[in-house]
Amino acid sequence: MTQLTGQPATDDDVVHLTVPADGGYLGVLRTATAGLAARLQFALDEIEDLRIAVDEACAMLLAIATRDAELECRFSVTEDALTVEVTVPTVRGAALPGESSFAWKVLTALTTAAAAESTQGRATISLLTRRSAGY
């Protein structure tokens with residue numbers, strides 16, 4: 001997996017959230033994403049883009065998650081960037097959409113960088129968004 005990082009985050013700058021792998025709980029992750037991006041003084045359109053990207057990444061993962069799975073989300077906050085890593089256990093033989101898929105086009109258009117990994121029965125999507133210059 002391509003590791004996406006801003007600057008090194010300290011333990012104080014990492015937030016872990018775990019919710020049931022059910023679309024009804026994605027609002028919790030979208031709200032946390034918006035709150036952390038606002039803390040970094042992202043512009044409103046950057047915050048909305050990141051919320052949409054997190055929602056899209058979670059939707060991709062929910063489609064391949066095992067029954068009664070939990071969606072684990074790790075937010076790493078640095079001075080000018082927010083990295084979001086979302087992970088779920090996956091059903092046997094599940095695959096994430098390819099990089100040429102519409103879903104990946106959305107992720108790469110809305111974030112600075114996106115990457116995915118699927119190993120040992122777990123899939124992770126990582127998103128990196130840097131704050132625009134001038135803030």
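All values reported here derive from a predicted model rather than from experimental measurement. (Residues numbered from 1 in each chain as written. Predicted model: local features only at pLDDT ≥ 70, side-chain atom pairs only at ≥ 80, totals over all residues. Heavy atoms only, no water.)

Participant: Quick question: what am I supposed to make of the side chain of E46 here?
Facilitator: Along the chain, E46 turns up in helix α2 (residues 44–62). No salt bridge is formed by the buried E46. Its closest oppositely charged neighbour is R131, at 6.6 Å. Among the polar contacts listed, one links the side chain of E46 to the side chain of S132, at a separation of 2.3 Å. (Helix = DSSP H or I, 4+ residues; strand = E, 2+ residues; numbered from the N terminus. Buried < 20%, exposed > 50% of the residue type's maximum accessible area, 1.4 Å probe, protein only. Lys, Arg positive; Asp, Glu negative; His and termini not counted. Salt bridge = Lys/Arg side-chain N within 4 Å of Asp/Glu carboxyl O. Polar contact = N/O pair within 3.5 Å; in protein donor to acceptor, adjacent residues only side chain to side chain.)

Participant: Help me understand the sheet that holds strand β2 (residues 70–77) in this model?
Facilitator: Remark on secondary structure: sheet strands pair via backbone hydrogen bonds, oriented parallel or antiparallel. If you walk across this open sheet you meet the five strands as β1-β2-β3-β5-β4, and the pairing is antiparallel. Edge positions in the open sheet fall to β1 (14–20) and β4 (113–119), since each of these has one partner strand only. Taken over all neighbouring pairs, the strand axes of this sheet differ in orientation by 15 degrees on average, direction set aside. Bridge count for strand β3 (residues 81–89) against strand β5 (residues 122–130) is nine bridges, and the pairing is antiparallel. By the bridge assignment, A81 is partnered in β5 with R130. Across the sheet, helix α1 (residues 26–39) is in contact with β1, β2 and β3; its angle to β2 comes to roughly 0 degrees. Lying on the sheet, helix α3 (residues 102–110) is in contact with β4 and β5; it crosses β4 at an angle near 135 degrees. (Pairing = 2+ DSSP bridges. Axes fitted to C-alpha atoms, helices over the stretch in contact; angles between N-to-C directions. Contact = heavy atoms within 4.5 Å.)

Participant: Would you explain the pairing of β2 in this entry?
Facilitator: Regular strands show a simple pattern: their side chains alternate between the two faces of the sheet. By the bridge criterion, seven bridges tie β1 to β2 in an arrangement that is antiparallel. By the bridge assignment for β2, T18 is matched with E72. One ladder, built from six bridges, connects β2 with β3; its direction is antiparallel. Following the sheet pairing, F75 is matched in β3 by V84. From the end of β2 to the start of β3, which pair antiparallel, there are three residues.

Participant: Is there a simple way to think about the pairing of β3 in this case?
Facilitator: For β3, a buried count of nine out of nine residues is recorded, marking the element as mostly surrounded by other parts of the structure. In β3, alternate side chains face the same way, and those of A81, T83, E85, T87 and P89 on one face and L82, V84, V86 and V88 on the other are all buried.

Participant: Just checking my understanding: could you explain the nonpolar core for this structure?
Facilitator: Side chains of a nonpolar character, in soluble globular proteins, are inclined to be buried together. Core analysis: the biggest nonpolar cluster contains 37 residues, and L29, L61, L71, L82, L107 and I125 have the highest contact counts within it. If you tally residues by element for this core, the top one is α2, at eight residues. Contact partners of L29, with chain neighbours within four places excluded, come to L17, V19, V54, C58, L71, C73 and F75. (Core = buried A, V, L, I, M, F, W, Y, C linked by side-chain atoms within 4.5 Å.)

Keep in mind that these numbers describe shape and distance, not what the molecule does.
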